[in-house]
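Given next are the chains, with one letter for each unit.
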2 protein chains.
Amino acid sequence: MTVLLVAGTTETASIEGISAAGADPDAMLHTPAADLEIVAYGDLVWAPFVPVSPSGCPTPAVVTRAVRDLLGFDVIMVDAGLACETGAPTVAIGDTPGVDIRRGEAVPKAPEIVNRAREFGATLPVEELVIGETIPGGTTTALAVLTALGEPATVSSSLPENPLALKREVVAEALAAAGLESGDAAGNPVAAVQYVGDPVLAAVVGLVMGATAAGTDVILAGGTQLAAAAALARHAGVDAHLELATTPFIATDGSTDVDALAAALDLDLRVTDPGFGRRDHPATAAYIAGEAKEGVGMGGALALADRAGVPMTAVRDQLVAMYDRLRADSPTPQP
Amino acid sequence: MTVLLVAGTTETASIEGISAAGADPDAMLHTPAADLEIVAYGDLVWAPFVPVSPSGCPTPAVVTRAVRDLLGFDVIMVDAGLACETGAPTVAIGDTPGVDIRRGEAVPKAPEIVNRAREFGATLPVEELVIGETIPGGTTTALAVLTALGEPATVSSSLPENPLALKREVVAEALAAAGLESGDAAGNPVAAVQYVGDPVLAAVVGLVMGATAAGTDVILAGGTQLAAAAALARHAGVDAHLELATTPFIATDGSTDVDALAAALDLDLRVTDPGFGRRDHPATAAYIAGEAKEGVGMGGALALADRAGVPMTAVRDQLVAMYDRLRADSPTPQP
């Protein structure tokens, strides 16, 4: 079992009210780097603090690592454009954070990133690849990409209240700046990601193209961001079977329609319930309250646990133990 | 179990006749990057070919990976200064190949590399760290460092005939260019590595300093290069218990005296015999003929296998299977 996490940043995340993937915009810059460290080591190395939402919900990286502790799956981490260094080992696919999509060209190097990721995905000697992401602001860029491709423009949010009106406003501004109408980038996924996407989407679509071309089974571990990556892959001509492994927090998110998105993109939707409602603890309660929902491969990790027959009680126990240890050991930013 | 491999390059390797860690000097530039890919994935990703010596001996990375296939230990890979990109995930500690030591300053950024590696080693949440290396030309820079520190100046070679006269000549030239006499850098390990060392030695000594300060058990997985790193650590005031886990090909190498070196540096010497003489195959015969001998954590990997009770017949079977597959799948450069 190999989980590949693609990490990056986009200046789009610093738009006030867009993302909960960090206590504040400054903290958010560190979130993907910290997420990788948590999944790689179960602890921080260079990152200054454990990522939490403004209300204190811990990053889904903790869930993914908890499952990894139980299953021992391999991880490969890809740097698609981090804003700060990480102590986790990464393969360098990109080197620049994404530009605010309202500026008209979000990922100037998208063609190179897609190609490099495609080559990497094609040569990676694994039979199955579970691909997740960590990029604050990623649902907004995903919405922009889905809109540019003319696919169902529906995304989730790491916030309990999806700021959809704000996202749509940002996306409209982005498309206008890029000179695109809805659907204009249909059949041209590289343009979609270059003008209104983010570096993680560029890397993920390349990885999916390369891996599926090489006959590798691909599971997209995430919610609407990974669905947007799947949309890019479909528009690149990828017709391989693709599974979208996500959490019930995405599946039951009334602000988005992941079923419709999965159906439109011919994705097998797999929802794995970690049963967080059965365990009263800050590490689980925040998810029940609608925060975070997904990310850092969480839905895919849960699917792997389920497939291996690991009971969800064990996942919850491991999550709680890890969360308590991280809270005791590591500073968290004060909201 | 965590094996940390430090990879880098030094222009010193391009001196004719110095190293067998590649079919020719051009191929040698790719050796550390390819070694990391082999240990990470069991196969090449971006590297153009499986590293072999001029006579065709495969890289010890194949042995380390064979053991990893059996034991499933974690790996952390550190880029201390690679000359070309690798498809293996790495933590960036350095970014520049080492300069030919005859030029007078081998690692201008040694202080930064040592500090960065020390911080990384100190925060890494592991109880035991097995540290190996891959850097062509590394025994020559090791000899220079041991000389500069005033320690027993004895090193092994990846060649069956250790080109000691040539190495001593290069080291004499390096010390003269740096304005150093033998022993002048005693107590000043950063200067030793900065003037006549290589980026891998800089990173390893930093890692050892940081890890031991944090109470992590350190096993140095290698031969005389790792002993030189231990010498640097001793001169940095590290008095923790250090084990040097190596192969019988180093221990019985008549051209070096690793026992004396270990004794002088207060290292516990552990020699693990993979019994290559009991298996007639190109993957094992080259070692029996005195090639390669050690590298890419091979001695440490064998020690871990032994400690876990994995029989060496299983290691040999896995090595042979992997070697045959790599030969079938991957191009090798023609000597």
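These lines cover the structure that appears in this document, whether it is placed above or below. (Residues numbered from 1 in each chain as written. Chains lettered and ligands numbered in written order. Predicted model: local features only at pLDDT ≥ 70, side-chain atom pairs only at ≥ 80, totals over all residues. Heavy atoms only, no water.)

1. Notes on the sheet that holds strand 1 (residues 2–8) of chain A
Residues and elements named next belong to chain A.
Alright, step 1. The sheet built from seven strands is open, its strands ordered 3-2-1-4-5-6-7 with parallel pairing. Each edge of the open sheet is held by one strand with a lone partner, namely strand 3 (91–92) and strand 7 (267–271).
Alright, step 2. Sheet topology note: the strand 4 (residues 128–134)/strand 5 (residues 217–221) ladder contains four bridges and is parallel. Paired with Leu129 across the bridge in strand 5 is Val218.
Alright, step 3. The sheet strands contacting helix 1 (residues 25–41) are strand 1, strand 2 (74–81) and strand 4, and the helix crosses strand 1 at an angle near 160°. (Pairing = 2+ DSSP bridges. Helix = DSSP H or I, 4+ residues; strand = E, 2+ residues; numbered from the N terminus. Contact = heavy atoms within 4.5 Å. Axes fitted to C-alpha atoms, helices over the stretch in contact; angles between N-to-C directions.)

2. Here we look at the pairing of strand 4 (residues 128–134) of chain B
Residue and element names in this part refer to chain B.
Alright, step 1. With seven of seven residues buried, strand 4 is to be regarded as a mostly interior element.
Alright, step 2. Side chains Glu128, Val130, Gly132 and Thr134 project from strand 4 onto one buried face, and the interleaved Leu129, Ile131 and Glu133 project onto a second face that is buried too.
Alright, step 3. Two strands pair when backbone bridges link them, and strand 1 (residues 2–8) and strand 4 are joined in this way by five bridges, in the parallel orientation. Bridge assignment links Ala7 to a residue of strand 4, and that residue is Thr134. (Buried < 20%, exposed > 50% of the residue type's maximum accessible area, 1.4 Å probe, protein only.)

3. Structural notes on the relation of the copies chain B and chain A
Alright, step 1. Here chain B sits on chain A after a turn of 180° about the axis and a move of 0.0 Å along it, with an RMSD of 0.0 Å. Expressed as a symmetry operation, the mapping of one chain copy onto the other fits a two-fold axis.
Alright, step 2. Residue by residue, 100% of the interface of chain B is reproduced at the interface of chain A, so both copies engage with the same surface. (Least-squares fit on C-alpha atoms with pLDDT ≥ 70 in both.)

4. Overview of the interface of chain B and chain A
Alright, step 1. With 24 residues of chain B at the contact, the number on the chain A side is 24 residues.
Alright, step 2. Each partner contributes to the roughly 1,700 Å² buried at the junction of chain B and chain A, and carbon and sulfur atoms together form 61% of this total.
Alright, step 3. Summed over the three residues of chain B that lose the most area to chain A, namely B:Tyr41, B:Trp46 and B:Pro125, the buried surface amounts to 31% of that side.
Alright, step 4. For the pair chain B and chain A, the interface holds two salt bridges.
Alright, step 5. Note that B:Glu85 and A:Arg116 form a salt bridge whose closest N and O atoms lie 2.7 Å from each other.
Alright, step 6. For the pair chain B and chain A, the interface holds three residue pairs in polar contact (both at pLDDT 80 or more).
Alright, step 7. Those elements that place two or more of their residues in the side of chain B that touches chain A are strand 2 (74–81), strand 3 (91–92) and helix 3 (110–123) of chain B.
Alright, step 8. A per-element tally of the side of chain B that touches chain A places helix 3 of chain B first, with four residues. (Buried area = accessible area lost by both parts, 1.4 Å probe. Salt bridge = Lys/Arg side-chain N within 4 Å of Asp/Glu carboxyl O. Polar contact = N/O pair within 3.5 Å; in protein donor to acceptor, adjacent residues only side chain to side chain.)

5. Some thoughts on the environment of B:Ala176
Residues and elements named next belong to chain B.
Alright, step 1. Along the polypeptide, Ala176 turns up in helix 5 (residues 164–178).
Alright, step 2. Taking the relative accessible area as the measure of exposure, Ala176 reaches 58% and is therefore exposed.
Alright, step 3. Linking Ala176 and Gly104, residues 72 residues apart in sequence, is a C-alpha distance of 7.8 Å.

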